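Structural overview for review
Chain residues, written in single-letter form:
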Amino acid sequence: MPVPAPIDILADFQTEEKPPLPIKLGSVEADVLRGFTGEQVVEFHRLVGAMEFEQMLELITTNGAALWEFVGGLTPDYASKALNRIISLSELYEGNLLAPLPGFGTNPVGAQPSPESTATTE
């Protein structure tokens, strides 16, 4: 009696292949890919969980490094909005996957003012 072939569980995670969607973020243009293997879907969620957003953008777009450079200059709210929009377009996750990202922009969440900034001029 032949041994049955193993069931590829990761194949259950793959997404339907669809044409890429062109996007523009500031001066950066890219295509958001739609259609991923099970391995890519698992890698996407691993990268998001590890907060490795540049690599995540490289996986789901055609110009991840440039997109990440632009996102890095945004405030936490706008950075998360931009990333959530790109993720939504990829159809890998519905809704908002990311909360506002700490450490973006000129006033990172939790940053303490320097002693000089609280000095008075009296």
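Residues numbered from 1 in each chain as written. Predicted model: local features only at pLDDT ≥ 70, side-chain atom pairs only at ≥ 80, totals over all residues. Heavy atoms only, no water.

1. Focus: unusual backbone geometry
The general pattern is negative phi for most residues beyond glycine and trans for most peptide bonds. The backbone of Met51 sits at a positive phi, close to 60°, despite the residue not being glycine. Along the chain, Met51 turns up in the loop between α1 (38-49) and α2 (53-60). Of note, the phi angle at Glu91 is positive, near 65°, even though the residue is not glycine. Along the polypeptide, Glu91 turns up in the segment after α4 (76-90). (Helix = DSSP H or I, 4+ residues; strand = E, 2+ residues; numbered from the N terminus.)

2. Considering the pattern of salt bridges
All told, the structure shown has 4 salt bridges when counted by the stated rule. In this structure, the salt-bridge partner of Glu91 is Arg34, at a minimum N-O distance of 3.1 Å. Pair noted here: Glu91 is in the segment after α4 and Arg34 is in strand β2 (residues 28-34), with a separation of 57 residues, a long-range link. We classify Arg34 as buried; its relative accessible area is 13%. Taking the shortest distance from any N to any O, the salt bridge between Glu52 and Arg46 comes out at 3.7 Å. (Salt bridge = Lys/Arg side-chain N within 4 Å of Asp/Glu carboxyl O. Buried < 20%, exposed > 50% of the residue type's maximum accessible area, 1.4 Å probe, protein only.)

3. Observations regarding the confidence of the model for the protein
Mean pLDDT over the protein works out to 88, with 84% of the residues at or above the 70 mark. For residues 106-122, every residue scores under 50 in pLDDT, and the model assigns this stretch 5 contacts once sequence neighbours within four places are set aside. (pLDDT = per-residue confidence, 0-100. Contact = heavy atoms within 4.5 Å.)

4. A word on the nonpolar core
If you look at the biggest cluster of nonpolar residues, it comprises 27 residues, and the most contacted ones within it are Phe44, Met56, Ile60, Leu67 and Leu83. When residues of this core are traced back to their parent elements, those giving at least two are β1 (18-25), β2, α1, α2, α3 (64-71) and α4. Of the residues forming this core, the biggest block, 6 residues, is contributed by α4. In this view, Ile60 contacts Asp31, Val32, Leu33, Phe36, Phe44, Ile86, Ile87, Ser90 and Leu92; residues no more than four positions away in its chain are not counted. (Core = buried A, V, L, I, M, F, W, Y, C linked by side-chain atoms within 4.5 Å.)

5. Some thoughts on the pairing of β2
Burial along β2 is one-sided: the face carrying Val28, Ala30, Val32 and Arg34 is buried and the face carrying Glu29, Asp31 and Leu33 is not. Hairpin connection between β1 and β2: a loop of 2 residues separates the two successive antiparallel strands, and Gly26 in this loop has a positive phi of roughly 65°. (Pairing = 2+ DSSP bridges.)

6. Observations regarding the side chain of Asn84
Examined against the element boundaries, Asn84 turns out to sit in helix α4. What makes Asn84 buried here is its relative accessible area of 6%. Once residues lying within four places of it in the same chain are set aside, the contact partners of Asn84 are Asn96, Leu97 and Leu98.

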